[in-house]
Amino acid sequence: MSDSEFDVVVVGAGNAAICAALAAEENGASVLVLERANEDESGGNSRFTAGAMRVVYDGVDDLKALMPDLTNEEIANTDFGTYTQDQFYDDMARVTQYRADPDMVELLVTRSRDTLLWMREKGVRFAPIWGRQAFKVDGKFKFWGGLTVEAWGGGPGLVDSLHEIAATRGIEIRYGHRATGLVFDGVTVSGVTVKSKGRIEEIRAKSVVLAAGGFQGNYEWRTRYLGPGWELAKVRGTRFNTGDGIRMALDIGAMPYGNWSGCHAVGWERNAPEFGDLAVGDQFQKHSYPFAVMVNATGRRFVDEGADFRNYTYAKYGRVILEQPGQFAWQIFDAKVAHLKRDEYNIRQVTKASADTLEDLAPQLDGVDAGAFLDEIAAYNAAVRTDIPFNPNVKDGRCTEGLAVPKSNWANTIDEPPFEAYAVTCGITFTFGGLRIGTDGQVLDTESEPIPGLYAAGELVGGIFYFNYPGGSGLTSGAVFGRIAGASAATA
């Protein structure tokens with residue numbers, strides 16, 4: 001074949017895209033990957049993640065198959081627990097308020113372990129998430145929240161590994177090549193148009209897989225679909241995910257699907273740059289809030305910080321922060337829980353205040369009503385059920401009583417100096433609305449009929465996440481549906 005004709009063209013070069021490319025190649029297809037970014041910025045949002053991947057496992061033997069580097073000593077000193085299919089189903093149902101497409105959820109859950117094992121066989125390495133998902137209690141690490149596995153080297157390690165594996169399999173990645181449209185005769189997709197270095201070319205293919213991310217990098221679409229104020233959010237990841245893949249498919253009659261007004265959005269460093277910074281990665285996030293209290297500009301708490309494990313609330317609390325006056329909040333810690341803060345609180349690029357008294361801390365909280373803040377902390381402290389034991393590994397039921405905004409778990413009084421506060425705003429990760437696909441990854445049109453030659457995977461697939469998502473399920477979803485779409489595209 002020529003350099004402008006392939007069996008399968010994949011648009012995008014992140015986790016979902018390269019999984020699709022690898023699946024297509026192993027099914028005998030000639031594959032080309034088109035990446036809008038240059039090589040240094042390639043990999044989409046996958047490069048900006050911490051690399052966590054939610055996966056079903058019934059015990060430590062399943063984890064050893066994924067992570068053969070686990071030592072006997074590590075196993076002896078760790079309670080990995082289990083994460084069964086039923087638990088994954090329950091988490092998906094609960095956090096998406098039972099809106100998620102059941103067929104999609106079934107594929108995500110039932111193929112999660114097999115897909116990660118497939119990635120392992122290809123050469124991707126995994127490791128336990130010691131630092132972020134396990135606390136040491138009585139000398140033994142205990143994992144919590146159903147999230148145990150991450151890619152070696154985080155998101156950057158995952159992308160670099162996948163790109164290296166693709167290269168060894170003879171899959172070409174063309175960087176700086178932006179797909180601008182689909183070659184479509186009214187019935188069948190037979191290629192893409194591509195812009196590179198000021199010229200437009202047409203690349204023919206028997207099948208196209210769209211895996212170019214959501215529209216979180218598009219100010220206009222964010223405001224149009226997520227609502228007023230969303231143009232003010234910071235973008236956690238790549239500047240290149242502007243909805244190109246979604247637009248190209250909609251232009252030829254694909255069906256829009258899913259939670260178009262919803263997104264994954266977290267508490268993010270208040271003064272972070274407009275888009276993600278690869279030198280900092282995901283360290284602008286501030287995810288130890290379950291052990292803190294959060295106050296807004298009026299000095300008041302506005303959310304139940306301990307409603308659930310961080311894995312099940314962080315992706316929706318960014319939206320809540322964006323809704324506050326000035327689109328910011330401060331997280332307040334005292335010395336009792338300082339050791340529970342994640343490493344991301346220690347980076348240089350952080351907006352922080354500290355003091356030995358709350359009275360000295362209050363005026364340092366930029367934009368906050370200091371008097372109201374002191375009153376709020378006093379009322380909160382008086383409401384904490386200190387008779388209930390504190391345990392960070394479980395939903396401990398240590399709560400407040402009598403407050404308009406309760407704290408349901410991990411409630412500790414804020415009374416032991418030194419006190420620390422961190423300023424956060426909303427950081428958007430990815431959007432939930434996108435294209436409708438069948439269980440084989442093929443894009444459906446507005447009549448619910450498959451569009452011949454067109455497949456999709458990753459963030460631009462709608463119907464999987466609504467309102468929220470279980471931590472680590474985004475990368476797993478990309479891998480599962482990327483593998484499905486690539487195999488289907490190759491064998492169509």
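Given the structure is predicted, the values throughout are model-derived calculations rather than measurements. (Residues numbered from 1 in each chain as written. Predicted model: local features only at pLDDT ≥ 70, side-chain atom pairs only at ≥ 80, totals over all residues. Heavy atoms only, no water.)

*Asks:* Pulling in residues and values, what's your account of the overall build of the protein chain?
*Replies:* When helices and strands are counted, the protein chain shows 14 helices and 20 strands. For the protein chain, whose C-alpha radius of gyration is 23 Å, the value lies close to the compact-globule estimate of 23 Å for 492 residues. Along the first, second and third principal axes, the C-alpha atoms of the protein chain reach 70 × 50 × 40 Å. Among the 492 residues that make up the protein chain, the fraction classed as buried is 61%. For the protein chain, the share of sequence-separated contacts (at least 6 apart) that also reach a separation of at least 24 residues comes to 75%. Surface accessibility of the protein chain: about 18200 Å² in total, with carbon and sulfur atoms responsible for 47%. (Helix = DSSP H or I, 4+ residues; strand = E, 2+ residues; numbered from the N terminus. Rg over C-alpha atoms; globule rule 2.2 N^0.38 Å. Buried < 20%, exposed > 50% of the residue type's maximum accessible area, 1.4 Å probe, protein only. Contact = heavy atoms within 4.5 Å. Areas by Shrake-Rupley, 256 points an atom, 1.4 Å probe, with all protein chains shown as cover.)

*Asks:* Could you give me a rundown of the packing of helix H4 (residues 85-95) against helix H5 (residues 102-110), with the residues and numbers involved?
*Replies:* Running from N to C, H4 and H5 point in directions that differ by 140°, and their axes come no closer than 10 Å. As far as their axial angle goes, H5 and H4 are oblique. Our pair here, H4 against H5, has a crossing hand that is right-handed. Packed against H4, whose contacting residues are Gln85, Phe88, Tyr89 and Met92, the element H5 presents Val105, Glu106, Leu108, Val109 and Thr110 at the interface. Residue composition of the contact of H4 with H5, by class: 6 nonpolar, 2 polar and 1 charged. (Axes fitted to C-alpha atoms, helices over the stretch in contact; angles between N-to-C directions. Parallel < 35°, antiparallel > 145°, perpendicular 65-115°, else oblique. Left-handed = near helix turned anticlockwise from the far one by under 90°. Nonpolar A, V, L, I, M, F, W, Y, C, P; charged D, E, K, R; others polar.)

*Asks:* Would you mind going over the side chain of asparagine 241 in detail, with residue names and values included?
*Replies:* Mapping asparagine 241 onto the fold places it in the loop between strand E13 (234-235) and helix H10 (244-251). There is a polar contact of 3.2 Å between the side chain of asparagine 241 and the side chain of glutamate 459. Apart from residues lying up to four places away in sequence, asparagine 241 is in contact with Gly44, Asn45, Ala212, Gly213, Gly214, Phe215, Gln216, Gly217, Asn218 and Glu459. (Polar contact = N/O pair within 3.5 Å; in protein donor to acceptor, adjacent residues only side chain to side chain.)

*Asks:* Give a description of helix H8 (residues 154-168) that names residues and reports values.
*Replies:* Its 15 residues place the ends of H8 21 Å apart at the C-alpha level, agreeing with the 21 Å of an ideal helix rising 1.5 Å per residue. All of the buried residues along H8 are Gly154, Gly155, Gly157, Leu158, Val159, Ser161, Leu162, His163, Ile165 and Ala166. Looking at the packing, one finds that the buried side of H8 touches helix H1 (15-26), helix H6 (112-122), strand E8 (149-151), strand E9 (172-175) and helix H14 (473-491). Phi turns positive, to about 80°, at glycine 170, one or two residues after H8. (Expected span 1.5 Å × (residues − 1).)

*Asks:* Go over the sheet that holds strand E3 (residues 52-53) with me, naming the residues and quoting the values.
*Replies:* Judged by pairing direction, the sheet is antiparallel, and its 3 strands sit side by side in the order E3-E8-E5 without closing on themselves. Of all the strands in the sheet, just E3 and strand E5 (126-128) have a single pairing partner and so form its edges. Relative to E8, E5 runs antiparallel, the two sharing 3 bridges. Looking across to E8, one finds that phenylalanine 126 is bridged to alanine 151. Sheet strands in contact with H6 are E3, E5 and E8, and its direction is about 120° off that of E5. (Pairing = 2+ DSSP bridges.)

*Asks:* Can you lay out the nonpolar core for me, pointing to particular residues and giving the numbers?
*Replies:* One finds Met119, Val192, Leu210, Leu454 and Phe481 to be the most contacted residues of the largest nonpolar core, which totals 128 residues. Among the elements that make up this core, the one with the highest residue count is H1 (9 residues). With residues near it in sequence (within four places) discarded, leucine 210 still touches Val11, Leu182, Gly245, Met248, Ala249, Leu435, Leu454, Tyr455, Ala456, Ala457 and Leu460. One finds Leu358, Leu365, Val368 and Phe419 within the second-largest nonpolar core, a separate group that totals 22 residues. (Core = buried A, V, L, I, M, F, W, Y, C linked by side-chain atoms within 4.5 Å.)

*Asks:* An account of the packing of aromatic side chains is needed here, citing residue identities and associated values.
*Replies:* A full pass over the atoms with the stated rule returns 27 aromatic pairs. With centroids separated by 5.2 Å and ring planes inclined at 20°, the aromatic side chains of phenylalanine 80 and phenylalanine 143 adopt a geometry described as stacked. Of the two residues, phenylalanine 80 is situated in the loop between strand E4 (78-79) and H4 and phenylalanine 143 in strand E7 (residues 140-143); the sequence distance between them amounts to 63 residues. Across the pair, exposure class does not vary: phenylalanine 80 and phenylalanine 143 are buried alike. Arranged with centres 5.2 Å apart and planes meeting at 90°, the rings of phenylalanine 465 and tyrosine 469 form a pair that is edge-to-face. Taking the relative accessible area as the measure of exposure, phenylalanine 465 reaches 6% and is therefore buried. A residue is classified by how much of its surface remains accessible, and tyrosine 469, at 7% relative accessible area, is buried. One aromatic cluster is present, built from ring pairs that chain together Tyr314, Phe430, Phe432, Phe465 and Tyr469. Of note, arginine 310 hangs over the ring of tyrosine 314, and the distance from its end group to the ring centre comes to 4.9 Å. In this structure, arginine 436 packs its charged tip against the face of tyrosine 257, placed 3.9 Å from the ring centre. (Phe/Tyr/Trp six-rings, centres within 6.5 Å; stacked < 30°, edge-to-face > 60°. Lys NZ or Arg CZ within 6 Å of the ring centre and 35° of its normal.)

*Asks:* Would you mind going over the packing of H6 against H14 in detail, with residue names and values included?
*Replies:* Running from N to C, H6 and H14 point in directions that differ by 80°, and their axes come no closer than 9 Å. The angle between the axes of H6 and H14 places the two elements in the roughly perpendicular class. Two secondary-structure elements touch here, H6 through Ser112, Asp114, Thr115, Leu116, Trp118 and Met119 and H14 through Thr476, Ala479, Val480 and Arg483. Here the residues of the contact of H6 with H14 are counted per class, giving 5 nonpolar, 3 polar and 2 charged.

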